[in-house]
Amino acid sequence: MTVTTTPPKAITPFRRFVEDFAEKRLAVAGLFVFVALVLAAIFAPWITPQNPYDLTQIDFMDGRLAPGSSGATMTFWLGTDDQGRDLLSGIFYGLRTSLSVGAISTVIALVIGGSLGLIGAYFGGKVDTIIMRIADLQLSFPAILIALILVSALGQGIDKIIIALVAVQWAYYARTIRSTALVERRKEYIEAATCLAISHRRIVFKHLMPNCTPPLIVVGTVQVAHAISLEATLSFLGIGVPITEPSLGLLIKNGFDYMLSGDYWVSFYPGLALLITIVSINLVGDQLRDVLNPRLQK
Amino acid sequence: MSSSSPTLQVENLQTQFFTKAGVVTAVDDVSFTVNRGEVLGLVGESGSGKTVTGFSILGLVDHPGKVTGGKILFNGEDLTTYSENQYRAIRGSRISMVFQDPMMTLNPVLRVDTQMVEAIRAHEKISKADALVRARDALGQVGIPSPDERLKSYPHQFSGGMRQRVAFAIALLNKPDLIIADEPTTALDVTIQAQILFETQKLCRETGTSLVWITHDLTVVAGLADNICVMYAGKVVETGKIDDVLDDPKHPYTEGLIGSVPSRNKRGQPLTQIPGMTPSLLNLPKGCPFQKRCQYAAPQCEVSPKITKCEDGRLVRCHRVEEAMAHA
Amino acid sequence: MPDQNELKPVLQLQNLTKKFVKPLDFAGKIAQKLGSNLRDEVVHAVDNVSLTVNKGEVVSLVGESGCGKSTLGRMVAGILPQTSGDIFYEGQNVANQSSEDARRTALKIQMIFQDPFASLNPRLRVKDILGEAPLYHKLVSSSGLDAYLDDVMLRCGLDPDFKQRYPHQFSGGQRQRIGIARALAVQPDFIVCDEAVAALDVSIQAQVLNLFMQLRAELDLTYLFISHDLGVVEHISDRIVIMYLGRVVETADTDELFSRANHPYTQALLREIPRLETRHSDFTPIEGEIPSPLDPPNGCHFHPRCPFATDRCRTEIPTLKEISPGHHSACHLNESN
């Protein structure tokens, strides 16, 4: 006896997600801006008028020109810094560093923190306690303090910054995934998998994990912005990325000395770029959170 | 038994939801009457529209839903014309609702006495002390032992059955004319359900409160209700006195529903089953919504059937019954 | 219904107990050492239960919240380990088997769950939900999987085209069928149904119950049917086991139980099930609440609500005794003669 009615075509969860996401225009705008920034960062060497870190291309005489002024070879749309480097190009290159440091550290922290949280939630008991207490310890210190300590101990360099950022962030992911995993773990489809004599490893990675990732995606997205601003802070304090690969934070620092003497643009435009980056990421993250919230789904 | 004007008279009620996927008519041309002190069982399965009907009566239908047609006459007044303020004045005092989950009524961070006193004083100028006495009496009325101690407790300190009783007590606080109960005992154990049914029945008899009991469980309705109204896919398919309908169902859906109840089948034999599933409200067939599952379906069913009134006073929406009446 | 002469026990539970312990936290331990009365919170979810199910039978486990029937079902299905006691399947103690045998036994006993929405992994397509275990346990090759699943799905009343869909695209009744198909895909002999129809509409419930009965006949299955709905239980069971707060209080063949219920709890339960036939009834419920499993009454758990309780009931735990062939009851009143 076959049931008479047929359900509609297979609607993958992904397509549903895309449709829900697109409901909020602001978020879509944020997404576009963010994608534009990412593309600008990736293609920086090809689209910028000048490579500000190629010493042959800069002229000291072009130093501290106001936005819109023309120098010998080109127009500086956003002005120049004290070395004569075009700020627009500098921002694009700075975006490269900021975004890549932010993204790489987030991804690594996500993998480490996510795995630890998942393992703790699934096995419970002592394993869970140990992992969570370490995470608590970590989270009770201000992020900037931990980053400062690590960077002082490890020295400067982009890889050291990334290590510091990972160390600061993993605990968020562990906590986030753990709370979802604790709920999912009790659900009957996990019990069914146990009943079907499927191995623990398979249950954790094939059944539990995919259902715990939505909150991670939300936290991860917003954390990218957090990582970027943390890195900017470190760079601003002078212990972040080296001058050879400046990020937006370092650019802001460079121009800081000139802020009060009227050459605001050296700090202002990198700051604006940082702001736009973070805001667009947060808009996307907000909508992701609403869309992926199971309680808001019908 | 029934006084001059009925407590509740729903006439041709229509409630629609305007969703992205289309317009869903969750309640379509629904009519029934509840007189003073009577209990009406509103019966249907998921997707029948019974809960939305209850919410429509109370003005609790949220966007994207709206009551789009018909009248709800409560003590003569048409509630469909009421503003939110007017509704607020009668909700909790003249009409109350009890939900399936008592935590929809009870605030988990407030003590029970606080909540009950608040519910009383929202509608009446009365001192806290007097309100407390009324609250205490209400708890006693629903059979909660040691009400004085219980008043000082928080909802989480009660068991599920107790919480539901407190929810009923709150519904009764201001002596409403009508209570709408939406599957209140579905999640409770049999013995606790029996207790609540007992208390509710006693109270309705004593106070003359009318009751609309929404459920999918025919057996509960059998013992409690005076009249029954069966809904399918948003429409009323049969309504009449409980004995008439349960002993001699006229609509094929009612017949199938009663037949599915295990006690109506011979032990060991397959249960009578209604084939297929409730159609999606976005995709209703033309004409009678039950035709694809109906054993008596005929070409005429592609036209929507009208309500027929039978000799015993019941109303049925079915061509077959209409024909039988015409030939009678 | 198996022939009485050919009763072969397929599942035997002996003194099965499950305790859930919530140990005192650090502060609590200190307080305890300082002399306060704090103790670990212990819930005796299942308390010393012994039970036999014969091949081909449908045995129903009935009780209200806190009676332990779901916990018992999960121990039988291998989802929860027991605290003490033994489970014998086809004569073998499940705990002492080699890992290969244990795996085979685990596949023989399958479970169907109550919540059609939580019991399917929302991120997997139906073909993966159904096909994962058979492939994993090499019951079928990947080339033969499609045909194998088609067969199982048709048996459960599902259109094989549904393989590509996701759970959210199905109704409650269809999802329950998918859950049944998932269990059948590993070729079990014994199925534990944990309130498998409780969340379904009455008309769908009838369809699914009929499916259960049909599968039992076709595949020679044995069922442990857990339910609180005595109406359903009366219709499909051969034998009924009544539980209250972790203990078995009565067990008998269906007809015997419904006509000659012995234990006061069973009698109350039967009296209180609402039936279609009783109208404008004056419900006569028993008093009192089900006690919290954290703090059950001494002696017979039911004595605070029992209209016939004696002093002995308040102190001594009654044991299950045979009061007539095949009919056991745990009540002191049976011995007063």
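Because the structure is a prediction, the values reported are computed rather than measured.

Looking now at the side chain of A:Gln169. Note that A:Gln169 resides in helix α7 (residues 158–185). When near neighbours in sequence (up to four residues on either side) are disregarded, A:Gln169 contacts A:Ser105, A:Thr106, A:Ala109, A:Gln223 and A:Ala227.

What follows covers the sheet that holds strand β9 (residues 239–244) of chain C. Within a sheet, adjacent strands bond to each other through the backbone by hydrogen bonds, running parallel or antiparallel. Residue and element names in this part refer to chain C. Strand order in the open sheet made by the 8 strands is β6-β7-β8-β3-β9-β10-β12-β11, with mixed pairing throughout. A strand with exactly one partner marks an edge of an open sheet, and here the two such strands are β6 (109–112) and β11 (321–324). Sheet twist, expressed as the average angle between the axes of neighbouring strands with direction ignored, equals 25 degrees. Direction of pairing for β9 relative to strand β10 (residues 247–253): antiparallel, over a ladder of 6 bridges. Bridging from a neighbouring strand, Ile242 pairs with Glu250 of β10. Contacts from helix α7 (residues 202–219) reach β3 (58–62), β6, β7 (190–194) and β8 (222–227) within the one sheet, and its direction differs from that of β8 by about 160 degrees.

This brings us to the pairing of β6(C). Residue and element names in this part refer to chain C. Along β6, one buried face is formed by Ile109 and Met111 and the opposite face, lined by Gln110 and Ile112, is buried too. Sheet analysis places β6 next to β7, joined by 4 bridges and oriented parallel. Bridging from a neighbouring strand, Gln110 pairs with Ile191 of β7.

Right, let's talk about unusual backbone geometry for a bit. All names here are of chain B. Following His63, the chain continues into Pro64 via a peptide bond in cis, with omega recorded as 5 degrees. In this fold, Pro64 is placed in the loop between α1 (50–57) and β4 (65–74). Despite not being glycine, Asn75 has its phi angle at roughly 50 degrees, a positive value. In this fold, Asn75 is placed in the loop between β4 and β5 (77–78).

The subject of this paragraph is the confidence of the model for chain B. Averaged over every residue, the pLDDT of chain B is 86; residues scoring 70 or more account for 98%. In the predicted assembly, ipTM is 0.85 and pTM is 0.81.

This part takes up the nonpolar core. The biggest cluster of nonpolar side chains holds 61 residues, and the ones touching the most others in it are B:Met116, B:Val166, B:Trp213, B:Leu218, B:Ile228 and B:Tyr253. Considering every element that reaches this core, the biggest residue donor is helix α6 (residues 160–172) of chain B, with 8 residues. Both domain 1 (8–94 + 177–275) and domain 2 (104–173) of chain B contribute no fewer than three residues apiece to this core. Counting 41 residues, the second largest nonpolar core, distinct from the first, contains C:Val126, C:Leu149, C:Ala181 and C:Ile191.

Attention now moves to the packing of helix α4 (residues 126–136) of chain C against helix α5 (residues 145–155) of chain C. Residues and elements named next belong to chain C. At their nearest, the axes of α4 and α5 sit 10 Å apart, and the two run at 110 degrees to each other. Of the possible angle classes, the one that applies to α4 and α5 is roughly perpendicular. The two elements α4 and α5 cross, and the hand of that crossing is right-handed. Residues Val126, Lys127, Leu130, Gly131, Pro134 and Leu135 of α4 pack against Leu145, Tyr148, Leu149 and Met153 of α5. Within the contact of α4 with α5, the residues separate by chemical class into 8 nonpolar, 1 polar and 1 charged.

Let us now look at the domain arrangement of chain B. All names here are of chain B. Taken as a whole, chain B is organised into domain 1 (8–94 + 177–275) and domain 2 (104–173). Centre-to-centre, using C-alpha coordinates, domain 1 lies 26 Å away from domain 2. Taken together, the contacts link 17 residues of domain 1 with 11 residues of domain 2. When the two sides are added together, the surface that domain 1 and domain 2 hide from each other amounts to roughly 1200 Å², 68% of it contributed by carbon and sulfur. For the pair domain 1 and domain 2, the interface holds 1 salt bridge. The salt bridge involving Glu199 is made with Arg165; its shortest N-O contact spans 3.9 Å. Viewed at the interface, domain 2 and domain 1 are joined by 5 residue pairs in polar contact (both at pLDDT 80 or more). Of all the secondary structure elements, the ones that give two or more residues to the side of domain 1 that touches domain 2 are α2 (84–90), β7 (178–182) and α7 (190–207). Here the side of domain 1 that touches domain 2 gets 7 residues from one element, more than from any other, and that element is α7. Tallied by class, the residues present in the side of domain 1 that touches domain 2 amount to 9 nonpolar, 5 polar and 3 charged.

The rules we used
- Residues numbered from 1 in each chain as written.
- Chains lettered and ligands numbered in written order.
- Predicted model: local features only at pLDDT ≥ 70, side-chain atom pairs only at ≥ 80, totals over all residues.
- Heavy atoms only, no water.
- Helix = DSSP H or I, 4+ residues; strand = E, 2+ residues; numbered from the N terminus.
- Contact = heavy atoms within 4.5 Å.
- Pairing = 2+ DSSP bridges.
- Axes fitted to C-alpha atoms, helices over the stretch in contact; angles between N-to-C directions.
- Buried < 20%, exposed > 50% of the residue type's maximum accessible area, 1.4 Å probe, protein only.
- pLDDT = per-residue confidence, 0-100.
- Core = buried A, V, L, I, M, F, W, Y, C linked by side-chain atoms within 4.5 Å.
- Domains from an automatic or database assignment.
- Parallel < 35°, antiparallel > 145°, perpendicular 65-115°, else oblique.
- Left-handed = near helix turned anticlockwise from the far one by under 90°.
- Nonpolar A, V, L, I, M, F, W, Y, C, P; charged D, E, K, R; others polar.
- Buried area = accessible area lost by both parts, 1.4 Å probe.
- Salt bridge = Lys/Arg side-chain N within 4 Å of Asp/Glu carboxyl O.
- Polar contact = N/O pair within 3.5 Å; in protein donor to acceptor, adjacent residues only side chain to side chain.

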